[in-house]
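These are the residues of each chain, in order.
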Amino acid sequence: MVQELLSKNLYLCQEIMGHAQISVRKDHFFLSGFTWMASRSLSCVHIDGVKKLKGLRYRNLSSQIVGKFSQNTQDISQDFELPSAYETAMEALSTLITQKKRNGTSAVNGQNQKLDRMLRYIKILGLEEKIAGLKIIHVAGTKGKGSTCAFCEAILRECGFRTGLFTSPHLIDVRERYRLDGMDICQENFLQYFWDCWNQLKANISEDLPMPPLFQFLTVLAFKIFVSEKVDVAIIEVGLGGKLDSTNVIKEPIVCGITSLGMDHMETLGDTLGQIASHKAGILKPQIPGFSVPQLSEAMEVLQERANELMIPLEVVAPLTLEKLNGTRLSLSGDHQLSNAALAVSLCKSWLRGTGNWKRLFKDAYEEDGLPEQFLRGLSAARLSGRAQIVVDPLINASGGNKRVSGDLTFYLDGAHSPESIYACARWFSAAVVERKDLSLSSVSSVVETTETAWTKGFIKHCHNKEPDEILKRILLFNCMDARDPQILLPKLVDTCASSDIYFSKAIFVPSISAYTKVTSATSTIPSYVPGKDLSWQFNIQRIWERIIHGKDVLDQDLKINASAGLPPREFLYEEASRYCPEDRYFASSAVFPSLPLTINWLRDCVRENPSLRLQVLVTGSLHLVGDVLKLLRR
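As annotated in an unreviewed UniProt entry, the protein chain carries the name Folylpolyglutamate synthase and comes from Capsicum baccatum. Looking at the protein chain in UniProt, the text filed under Pathway (unreviewed entry) is "Cofactor biosynthesis; tetrahydrofolylpolyglutamate biosynthesis." Recorded in UniProt under Catalytic activity (unreviewed entry), the annotation for the protein chain is "(6S)-5,6,7,8-tetrahydrofolyl-(gamma-L-Glu)(n) + L-glutamate + ATP = (6S)-5,6,7,8-tetrahydrofolyl-(gamma-L-Glu)(n+1) + ADP + phosphate + H(+)".

Structure below.
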């Protein structure tokens, strides 16, 4: 019973409290504590149990990492405490970032050179033949590929295999990209493999072979980790596109999958769905089974044409039905996950058959539509941070006996940043808040909306319940990268929520903490406030929002205010929408906050001072923003 409860709650512990180092086995389990609670007393899980590290010191760091990264590699005899060594590794990774922004031009010219260089890096590390021995599931797509990979990993782990999962991006810590048996790789092992790769590559760089850019290095590192850890299956998520993606050095995967395709990364992949599909289809290989979810006709024609060229069947997988799930609830929320889960099921079945394990495990059972118990357990246990994730603020929602001492603060996190994913996010949020409206962590009666005040286009409504001392406010916390178009994302979000009678009381626009030019860790310092920070982009997003709400421009087009301006008073949360004061930098419907830490603290102060207040905060528009919020809540 204890083991079952631990297994079911393992991922919840990781997401809310930090990444617990937990290992579950048939006859025993270990719980070695949360890494965030003891940075000097770290633990590391291995297949045969728990390995504890006490006062770990890491040797053989490169002197060019400690000093200047451009200098020659030398071994150093000085010992380093592990936390310091890990931050040094993050500094080294940061030097591999070759673009100043997402849609910038890489310093390494020539997309066609990427795969050639990847093969050379792999050869330097002696991984060429070993990668060929990995039994790989390779997944590309515009949206849903991370979820599909997470489902695959959980299913095959439940079937008893040692799993390796490589996904991107990470939200809090780079080690999230590498999972072994469902757990993020521990710091000790990460550093061992990291410096091994770094030192070998650094010693072999030349004028025509520089150090790999960030994602190429992280991909090479994934192969190094999975080969060294002797995983039974490696689930590899494509980073960008497919044909020229760094992961496409995989020559003979066991099976390939393509998730839902849409318009994203157009500056790299093309501005039509057909062009994008052509890139994604690049992972399909001769004699290797291929699977896809249903696509728009323009995309499906391209995928099918590529499959015909390779003379392979491309099976289109229909979404799972509730009947087929037999009462099992998917661990990842949203209707769109039924398609991702169905693709994962087909990929896992194909992998099991391709490796000769299907008949060994299941004989002739489940050949048609039935799902093995292991598959159902995996579908109910998979996790993926920052996608349709609900987190109750751990510092709020405390109660004193039968009396609530603060309001409720719940964050709904989804890193949607394309029109298709924003639509899915809005549908999920609308369903999630309705589902949870009768739930409360305190002993007071639940919130029931009965009176509403709407104005202009009806996108903002102030919601109250029957009890005069209970107040529900739904807040949008939003930012997106300047490569995105908020004029498309925000109307899609608002309209989709409104179609389910879900409205936002306020919208808050904030800059992200994460910098595109720096790799940080879970323990990196977070400044609460950066004086003079340019908030022009956030004011531009606010201008679009106010235009949606009022049907006209109410903000000065030339308005540029930096972070020196203060926060709005907490009364802003309750103000009627008819009031707006541009000189105060906030409106009754929206505000620009100078930093995310100040925003979180402001929301916490609001619910602390009003026990009747329930805040439901949707955080979306950017995975960077979602990761920053998770990092702050975890602290």
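Quick look at the overall build of the protein chain now. When helices and strands are counted, the protein chain shows 20 helices and 26 strands. Among the 635 residues that make up the protein chain, the fraction classed as buried is 57%. Of the contacts made within the protein chain by residues no fewer than 6 positions apart, 73% connect residues no fewer than 24 positions apart.

For helix α18 (residues 536–550), built from 15 residues, the straight-helix expectation of 21 Å at 1.5 Å per residue is met to within 8% by its first-to-last C-alpha distance of 21 Å. Here α18 has its buried residues at Q538, F539, I541, Q542, R543, I544, W545, E546, I548, I549 and H550. G551 sits one or two positions beyond α18 and adopts a positive phi of about 75°.

This brings us to the side chain of E153. Residue position: E153 is located in helix α6 (residues 145–158). Owing to a relative accessible area of 1%, E153 belongs among the buried residues under this scheme. Apart from the residues within four sequence positions on either side, E153 is in contact with T163, L165, D181, G182 and I235.

Quick look at the packing of aromatic side chains now. Per the stated rule, a full pass over the model turns up 22 aromatic pairs. Through a chain of ring-to-ring contacts, the aromatic side chains of Y86, F166, Y178, F190, F194, W195, W198, F215 and F217 assemble into a single cluster. We note K506 situated over the ring of F572; from NZ or CZ to the ring centre the distance is 4.9 Å.

Right, let's get into the pattern of salt bridges. In total, this model carries 16 salt bridges according to the counting rule given. When the shortest N-O distance is used, the salt bridge between R157 and E153 registers 2.7 Å. One end of the pair is R157 and the other is E153, both in helix α6 and four residues apart, which spans about a single turn. There is no split in this pair, since R157 and E153 are both buried.

Here we take up the pairing of strand β22 (residues 506–509). Burial along β22 is two-sided: K506 and I508 and A507 and F509, pointing in opposite directions, are all buried. For strand β21 (residues 471–478) and β22, the ladder comprises four bridges, and the chain directions are parallel. Bridging from a neighbouring strand, F478 pairs with F509 of β22.

Another point: the sheet that holds strand β13 (residues 290–292). Pairing is mixed in the open sheet, where eight strands are placed in the order β10-β9-β8-β11-β7-β12-β13-β14. Two strands in the sheet have a free side with no partner beyond their single neighbour: β10 (183–184) and β14 (314–316). When β13 meets β14, the two strands line up parallel, connected through three bridges. Residue pairing in the sheet places F291 in a bridge with E315 of β14.

On to the packing of helix α16 (residues 419–435) against helix α17 (residues 486–499). Interhelical geometry of α16 versus α17 gives an angle of 30° and a closest axis separation of 9 Å. The angle between α16 and α17 falls in the class roughly parallel. Read as a crossing pair, α16 and α17 show a hand that is right-handed. Here α16 contributes P419, I422, Y423, A426, R427, F429 and S430 to the contact with α17, which in turn contributes I488, L489, K492, L493, T496 and C497. Tallied by class, residues from the contact of α16 with α17 come to nine nonpolar, two polar and two charged.

For the rest of this paragraph, the subject is unusual backbone geometry. Following S168, the chain continues into P169 via a peptide bond in cis, with omega recorded as -5°. With respect to the element layout, P169 can be found in the loop between β8 (163–166) and β9 (178–180). Of note in this structure, Q287 is not a glycine but carries a positive phi near 65°. With respect to the helices, strands and loops of the structure, Q287 is situated in the loop between α10 (273–280) and β13. Classification of Q287 as exposed rests on a relative accessible area of 77%. The residue N326 is not glycine, and still its phi comes out positive at about 55°.

Taken across its five residues, strand β7 (residues 136–140) has five buried, putting it largely inside the fold. Neither face of β7 is exposed, since I136, H138 and A140 on one face and I137 and V139 on the opposite face are all buried. Where β7 lies against strand β11 (residues 233–237), four bridges are found, and the strand directions are parallel. When the bridges of β11 are listed, I136 appears paired with A234. Strand direction decides the pairing type here: β7 and strand β12 (residues 255–258), joined by four bridges, are parallel. Within the sheet, the bridge partner assigned to H138 lies in β12 and is C256.

Moving on: the nonpolar core. Within the largest apolar cluster, 48 residues are counted, with the highest numbers of intra-cluster contacts made by L93, F190, F194 and F226. Broken down by secondary-structure element, the contributors of at least two residues to this core are α3 (82–94), α4 (112–124), β9, α7 (187–202), α8 (214–228) and β11. With 10 residues, α8 is the largest single contributor of residues to this core. Setting aside anything within four residues of it in sequence, one finds L93 in contact with V174, F194, L214, F217, L218 and V519.

Here we come to the environment of R543. Within the element layout of this structure, R543 appears in helix α18. By relative accessible area, R543 is classed as buried at 6%. Sequence separation of R543 and S590 is 47 residues, and the distance between their C-alpha atoms is 9.5 Å.

How each quantity is defined
- All residue numbers refer to positions counted from 1 along the written sequence of the respective chain.
- Where local features are concerned, this predicted model is filtered to residues with pLDDT of at least 70; where side-chain atom pairs are given and counted, the filter is 80 or more; whole-chain, interface and lining totals use all residues.
- The basis for every side-chain value is the complete set of non-hydrogen atoms in the structure, without hydrogens or water.
- UniProt positions are given in the numbering used here, feature names are shortened, and annotations may be inferred rather than shown by experiment.
- The helix count covers DSSP runs of H or I at least four residues long, the strand count covers runs of E at least two residues long, and both are numbered beginning at the N terminus.
- With a 1.4 Å probe rolled over the protein chains alone, any residue whose accessible area is under 20% of its type maximum counts as buried; one over 50% counts as exposed, and the rest are partly exposed.
- By the convention used here, residues are in contact when the closest approach between their heavy atoms is within 4.5 Å.
- Expected span, for any helix, means 1.5 Å times one less than how many residues it has.
- We call Phe, Tyr and Trp rings a pair once their centres come within 6.5 Å, taking the six-membered ring for Trp, and we label the pair stacked below 30 degrees between planes, edge-to-face above 60, and tilted otherwise.
- Two limits define a charge over a ring: the Lys NZ or Arg CZ must be within 6 Å of the ring centre, and within 35 degrees of the ring normal.
- For this document, the term salt bridge refers to a Lys or Arg side-chain nitrogen within 4 Å of an Asp or Glu carboxyl oxygen.
- Only when DSSP finds a minimum of two bridges between them are two strands counted as paired.
- Between the N-to-C directions of two axes lies an angle of 0 to 180 degrees, each axis being a line fitted to C-alpha atoms and, for a helix, fitted only over the stretch in contact.
- For classification, angles of less than 35 degrees are called roughly parallel, those exceeding 145 degrees roughly antiparallel, those between 65 and 115 degrees roughly perpendicular, and all remaining angles oblique.
- What makes a crossing left-handed is the near helix being turned counterclockwise from the far one by less than a right angle; a clockwise turn instead makes it right-handed.
- Three residue categories are used. Nonpolar comprises Ala, Val, Leu, Ile, Met, Phe, Trp, Tyr, Cys and Pro, charged comprises Asp, Glu, Lys and Arg, and polar comprises the others, including Gly.
- We call a set of buried residues a nonpolar core when its members are Ala, Val, Leu, Ile, Met, Phe, Trp, Tyr or Cys and they connect through side-chain atoms within 4.5 Å of each other.

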